[in-house]
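The residues making up each chain are set out below.
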Amino acid sequence: MALTRRLLIDLSSRRRLFNAGKFSTTHRKKPVLLLHEAVSLAGFLRCSRALVSWMVAERKMQPSPAAPPAAGEHRRRALRYVVFLAVSLLAFSCWALVSSRIDNAVLAATAGGGGEHDDDGIIVRSSQAEMPAIGGNATLRGAVEVGVGTPAAMITRQPSSGETAAAAAATCDAESALLRVYLYDLPPEFHFGMLGWDGKAAGAAWPDVAGDPRAVPRYPGGLNLQHSVEYWLTLDILSSTTTSGDHRRPCTAVRVTNASLADVFLVPFFASLSYNRQSKPPHGGHGSGGRSDRQLQGELVRYLARREEWRRWGGADHLVVPHHPNSMMDARRRLSAAMFVLSDFGRYPPDVANLRKDVIAPYKHVVPSLGDGDSPGFEQRPVLAYFQGAIHRKDGGRVRQRLYQLIKDEKDVHFTYGSVRQNGIRRATKGMASSKFCLNIAGDTPSSNRLFDAIVSHCVPVIISDDIELPFEDVLDYTDFCVFVRASHAVKRGFLLHLLRGISQDEWTAMWRRLKEVAHHFEYQYPSQPGDAVQMIWGAVARKMHLVKLQLHKRGRYQRTLSES
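The shown structure was predicted, so the numbers you read here are calculated from the model rather than taken from an experiment.

Some thoughts on the state of the cysteines
- Applying the stated rule across the entire model yields one disulfide.
- Shown here is the disulfide that connects Cys438 with Cys459, its sulfur atoms set 2.1 Å apart. Sign of the S-S torsion, about 110° for the bond between Cys438 and Cys459, identifies this disulfide as right-handed. Of the two residues, Cys438 is situated in strand β11 (residues 435-441) and Cys459 in the loop between α12 (450-456) and β12 (460-464); the sequence distance between them amounts to 21 residues. Cys459 carries the same exposure label as Cys438, and that label is buried.

Topic: the packing of helix α6 (residues 229-238) against helix α16 (residues 533-555)
- Packing of α6 against α16 brings their axes to within 10 Å, and their N-to-C directions diverge by 85°. On the basis of their axis angle, the class for α6 and α16 is roughly perpendicular. Residues Val229, Trp232, Leu233, Asp236 and Ile237 of α6 touch α16, and the partners they reach there are Val534, Gln535, Ile537 and Trp538.
- Classifying every residue of the contact of α6 with α16 by side-chain character gives seven nonpolar, one polar and one charged.

Topic: helix α10 (residues 398-407)
- Turning to α10, its buried residues are Val399, Arg400, Leu403 and Ile407. Buried residues in α10, looked at end-on, bunch into an arc of 100°, giving them a common side. Turned more than 90 degrees from where α10 packs its buried face, Arg398, Arg402 and Gln405 sit exposed.

Observations concerning the pattern of salt bridges
- Here the structure, examined in full by the defined rule, presents 15 salt bridges.
- Asp330 is the partner of Arg294 in a salt bridge, and the nearest nitrogen-oxygen pair spans 2.9 Å. You can see Arg294 sitting in helix α8 (residues 293-305) and its partner Asp330 sitting in the loop between β6 (318-320) and β7 (339-342), a full 36 residues away along the chain.
- The class for Arg294 is exposed, based on a relative accessible area of 61%.
- For Arg307, the salt bridge identified is with Glu309, shortest N-O distance 3.1 Å.
- Via salt bridges that share partners, Glu189, Arg291 and Glu299 belong to a single interconnected network.

Considerations on the sheet that holds strand β4 (residues 253-255)
- One open sheet holds the six strands; their spatial order is β4-β3-β5-β6-β7-β8, and the pairing between them is parallel. Whereas interior strands pair on both sides, the edge strands pair on one side only; in this sheet they are β4 and β8 (359-360).
- Across two bridges, the pairing between strand β5 (residues 264-266) and β6 is parallel. When the sheet's bridge partners are listed, Leu266 is paired in β6 with Leu319.
- On top of the sheet, α6 reaches β3 (179-183), β4, β5 and β7; it is set at about 70° to β4, its chief contact.

Brief notes about unusual backbone geometry
- At the junction of Tyr526 and Pro527, the peptide bond is cis and its omega measures out at -5° in the coordinates.
- Looking at where Pro527 falls in the secondary structure, it is placed in the loop between α15 (505-518) and α16.
- A positive phi angle, near 55°, is found at Met328, a position not held by glycine.
- Looking at where Met328 falls in the secondary structure, it is placed in the loop between β6 and β7.
- On the basis of relative accessibility, which here comes to 1%, the residue Met328 falls in the buried class.
- At His458, a position not held by glycine, the phi torsion is positive, near 60°.

Reading the values: rules and limits
- Residues numbered from 1 in each chain as written.
- Predicted model: local features only at pLDDT ≥ 70, side-chain atom pairs only at ≥ 80, totals over all residues.
- Heavy atoms only, no water.
- Disulfide = S-S within 2.5 Å.
- Helix = DSSP H or I, 4+ residues; strand = E, 2+ residues; numbered from the N terminus.
- Buried < 20%, exposed > 50% of the residue type's maximum accessible area, 1.4 Å probe, protein only.
- Axes fitted to C-alpha atoms, helices over the stretch in contact; angles between N-to-C directions.
- Parallel < 35°, antiparallel > 145°, perpendicular 65-115°, else oblique.
- Contact = heavy atoms within 4.5 Å.
- Nonpolar A, V, L, I, M, F, W, Y, C, P; charged D, E, K, R; others polar.
- Arc of directions from axis to C-beta.
- Salt bridge = Lys/Arg side-chain N within 4 Å of Asp/Glu carboxyl O.
- Pairing = 2+ DSSP bridges.

Quick look at the structure:
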């Protein structure tokens, strides 16, 4: 009977706890569950102690062995056992029933209308009503938009079809864009005038890019395309506020005409094209508008020096695009405070260009991109390693010559001299598409267009360039789809081919699949599309600008007091 009383006391105490609000809906987290478990365990322990105490008491009441109990005493004792078991079973059943109802109430109060729990009763997902609401624009200006759909650390919610239609109809404005860009109205000879566009005849400062894309001035083909980054960025920012047709351009960077609203100032000088076309004009003549590349650089420096926007922060919030390694040789040091968009740092001293302030952008590939369904698999690529290009190079490119001597005679290796002449691009297209690995070896500079030709050919790149800097490496893990080999290891006899032959078909296939996923990040196109090279560059610029803005704001803390002192 003592056990029965203890069970009833335990039930009444648990009811008082529940009614007093100990399991109210405001206690929805782990402490409530721990309290519940403690109460249940305490009740069980009290029952156990009561049972043990009763058994001890009964034992003490037994007569001594010297005086054996009478027959009637045996019957009374057996009856007491039966009554005790029946009452205990009844009390325990009532206790379990009421306890289970209290448990259900606790769980309902803890879940708060939709939370999920793991096997231990711990909340693993809160209901939607408990999630903090995100106010304002869906794309917060403080967030970092990268346009990458794959890295696990940057998973984004995919919009519904209705949201997509609404976004397409909305105007990309300064409030919704991640990056606000002011475009200097430089004369045409600094940009589209090099492509034959006559601003005076058109009666406008810029070509009309909002209409038919086929009417946009065309960039010259061949190797000129490798460094055409400034062309694609300028086209994109000129069209950033248009919503005509099926234009799906993401709202990453938008043009603003009020300089006071700008996050970054784009300097639209086609530096790479100017170097290619006007650094050595034919027949002793000059380039666009009678100006050589050197003259244009000098005029650009003087133009910026007169601008209040440049003088305010010394050009730290300006964007200049000298992607060709030899472009802007005369002006690069005088403009080094600005953010550069480069192919690598091979021909820049660290005080002029570095990863702290500058952006590495991919080359424009010159071989056609393979479609996902047109990409041969492991068995359909008979060539183990492929290289076609200039073999005799200076500086860091000497590793090419040593590798050529080591592996040129291997039966499953293609290592030959090649150029764009004599159908070089067509042969490279076919060769890369039939090879498992494509060698990207340092030349005169750490980087080359060959890497991006390999990526769009879904040929796993083998990067042998110790000083290379890779585009968007803060959001892309290149080890998922590339093989890295130190130059000192690659030139050891047998090392490189042993390494490549040791990569299994499954390992290669995983890299090949990842190549097909990331290839669109290296595509330059107009109009630009979500996650392509243009939008990836704008995302990289936005990430750099966070640090730039921090430094500029800290520098300006005492500007007012210094001017008044």
